[in-house]
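# Observations on the three-dimensional arrangement
Residue strings, one per chain:
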Amino acid sequence: DLGLDLGFLRPVLNPLGAAIGVWLVGNIGRWKGSIKGPLLGCYLTTPLYFFGINAGSLTTLAGAYCFRRQWRMPGPSTWSACRHFTVLLVCGLLYSSMWASYLYFNAEVNHNGDKIKLRDAVGNFLKSPLVQEFWRNVRAHWKHMQEHGFMSAWNRLVDSLDPFGEKNALKVLGLEAGATQDQIKSRYRELSKQWHPDKAKGEDKELAQEKFLEIQAAYENLSNIKNRRKKANSKTVKEEENSDAMPQQKEQTVEL
């Protein structure tokens, strides 16, 4: 906090902001009008703020009622596209800064009855182990790309995301990478007996059912991956054997 109460500026700034908003909206398109009317209407509601009444909506309505606009005669625009974009950008930044300031000083997070400022919650989140681990991984991938190139870093990133679920399945079964099909089958049988729902009682039965299904899904996934790789390797070996046999057939044909 700044340590300074700026609430005394509310009767001045609130009507001013409402008047500017009414004036901006009223000048969109082929209509135009002066800001004097909205300023007069909005500041007429100033006494309400001294009585502790939050007259935000009433201030806006008063400004809109006092706004007078007229048809804008069409003609060639003297503003360039760059100037239009700059004005819109500045207005957007000013509007966003007002909301950001309000959220920074007033927004709170309520969790289990405990309240904390949103800015403090965001700061704690950025310091959390989850975010710190994320940035460590980003730095590690960036360093790997600098040393080994983009494609190597990309393959490493895809592998770390575990698109086929192989790493997660190995984790469920408690196996290391490179486990054979026999090891997978043996571990699956062991865990299936341990977590079979028929052996559980009471509340543990539901947990055992979930664990049993997770183990079964992990085994099926790993088995499918192993079978696909086995077929792919067999196909590669046959293609290599065929490519090696072609020169020999050509040599025999030449000798004949």
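Before reading on, note that the structure itself is shown above.
We now turn to the structure provided with this report.

Together, Phe8, Leu9, Val12, Leu13, Leu16, Ile20, Trp23, Leu24 and Tyr43 give the surface a local cluster of nonpolar side chains, amounting to about 760 Å² of exposed area. The topology assignment puts Leu24 in helix α1 (residues 10-26). Leu24 gets classed as partly exposed once you look at its relative accessible area, which sits at 41%.

Positive phi outside glycine occurs at Asp162, with the angle close to 55°. Here Asp162 shows up in the loop between α8 (150-161) and α9 (166-173).

Before going further, it helps to spend a moment on the packing of aromatic side chains. By the definition in use, this model includes 5 aromatic pairs. Here the aromatic rings of Tyr104 and Phe105 are separated by 5.0 Å at their centres, their planes lie at 85°, and the arrangement is edge-to-face. When the ring of Phe150 is compared with that of Trp154, the centres are 6.4 Å apart and the planes differ by 20°; the resulting orientation is stacked. Pair noted here: Phe150 and Trp154 are both in helix α8, with a separation of 4 residues, about one helical turn. You can call Trp154 partly exposed: its relative accessible area is 43%. One Lys or Arg, Arg68, reaches over the ring of Tyr65 and ends 5.8 Å from the middle of that ring.

This paragraph deals with the nonpolar core. Counting residues in each nonpolar core, the largest one holds 13 residues, and the members touching the most others are Leu173, Leu175, Ile184, Ile215, Ala218 and Leu222. Elements with a minimum of two residues in this core: α9, α10 (181-194) and α11 (204-255). Excluding residues within four positions of it along the chain, Ala218 makes contact with Ala169, Val172 and Leu173.

Contact geometry of α1 with helix α2 (residues 36-43) gives a least axis separation of 8 Å together with a crossing angle of 145°. Where α1 crosses over α2, the two elements pack in a sense that is right-handed. Across the interface between the two elements, Pro11, Val12, Pro15, Leu16, Ala18, Ala19 and Val22 of α1 pack against Pro38, Leu39, Cys42 and Tyr43 of α2.

Here we come to the side chain of His144. With respect to the secondary-structure elements, His144 resides in helix α7 (residues 129-148). A polar contact is formed between the side chain of His144 and the side chain of Arg156, at a distance of 3.3 Å. For His144, the residues in contact, after removing those within four places along its chain, are Gly149, Ser152, Ala153 and Arg156.

In total, this model carries 4 salt bridges according to the counting rule given. Two residues, Arg136 and Glu133, come together in a salt bridge whose shortest N-O distance is 2.8 Å. Taken together, the residues Arg136 and Glu133, both in helix α7 and 3 residues apart, mark about one turn of the helix. Looking at Arg136, the relative accessible area reads 42%, which means it is partly exposed.

Turning to α9, its buried residues are Ala169, Leu170, Val172 and Leu173. Each buried residue of α9 sits inside an arc of 160° when the element is viewed along its axis, so together they form one side. Just downstream of α9, Gly174 is the residue with a positive phi angle, here 70°.

No salt bridge is formed by the buried Asp162, whose closest oppositely charged neighbour, Lys167, lies at an N-O distance of 6.4 Å. A polar side-chain atom of Asp162 sits 2.9 Å from the main-chain amide nitrogen of Glu166. Once residues within four sequence positions are removed from consideration, Asp162 is found in contact with Lys167 and Asn168.

A grouping of Lys185, Arg189, Lys193 and Lys199 is seen on the molecular surface, where their side chains present a positively charged patch. Note that Arg189 resides in helix α10.

You can see Ser152 is positioned in helix α8. Overall, the relative accessible area of 28% leaves Ser152 in the partly exposed class. For the pair Ser152 and His141, spaced 11 residues apart in the sequence, the C-alpha separation amounts to 9.7 Å.

Sheet topology note: the strand β3 (residues 108-111)/strand β4 (residues 114-117) ladder contains 4 bridges and is antiparallel. Bridging from a neighbouring strand, Asn110 pairs with Lys115 of β4. Taking the residues between adjacent antiparallel strands as the criterion, β3 and β4 are bridged by 2 residues, where Asn112 takes a positive phi near 55°.

Conventions we followed
- Residues numbered from 1 in each chain as written.
- Predicted model: local features only at pLDDT ≥ 70, side-chain atom pairs only at ≥ 80, totals over all residues.
- Heavy atoms only, no water.
- Patch = residues over 30% accessible without salt bridge, like charges linked within 9 Å, V, L, I, M, F, W, Y side chains within 5 Å.
- Areas by Shrake-Rupley, 256 points an atom, 1.4 Å probe, with all protein chains shown as cover.
- Salt bridge = Lys/Arg side-chain N within 4 Å of Asp/Glu carboxyl O.
- Helix = DSSP H or I, 4+ residues; strand = E, 2+ residues; numbered from the N terminus.
- Buried < 20%, exposed > 50% of the residue type's maximum accessible area, 1.4 Å probe, protein only.
- Phe/Tyr/Trp six-rings, centres within 6.5 Å; stacked < 30°, edge-to-face > 60°.
- Lys NZ or Arg CZ within 6 Å of the ring centre and 35° of its normal.
- Core = buried A, V, L, I, M, F, W, Y, C linked by side-chain atoms within 4.5 Å.
- Contact = heavy atoms within 4.5 Å.
- Axes fitted to C-alpha atoms, helices over the stretch in contact; angles between N-to-C directions.
- Left-handed = near helix turned anticlockwise from the far one by under 90°.
- Polar contact = N/O pair within 3.5 Å; in protein donor to acceptor, adjacent residues only side chain to side chain.
- Arc of directions from axis to C-beta.
- Lys, Arg positive; Asp, Glu negative; His and termini not counted.
- Charge placed at Lys NZ, Arg CZ, Asp CG, Glu CD.
- Pairing = 2+ DSSP bridges.

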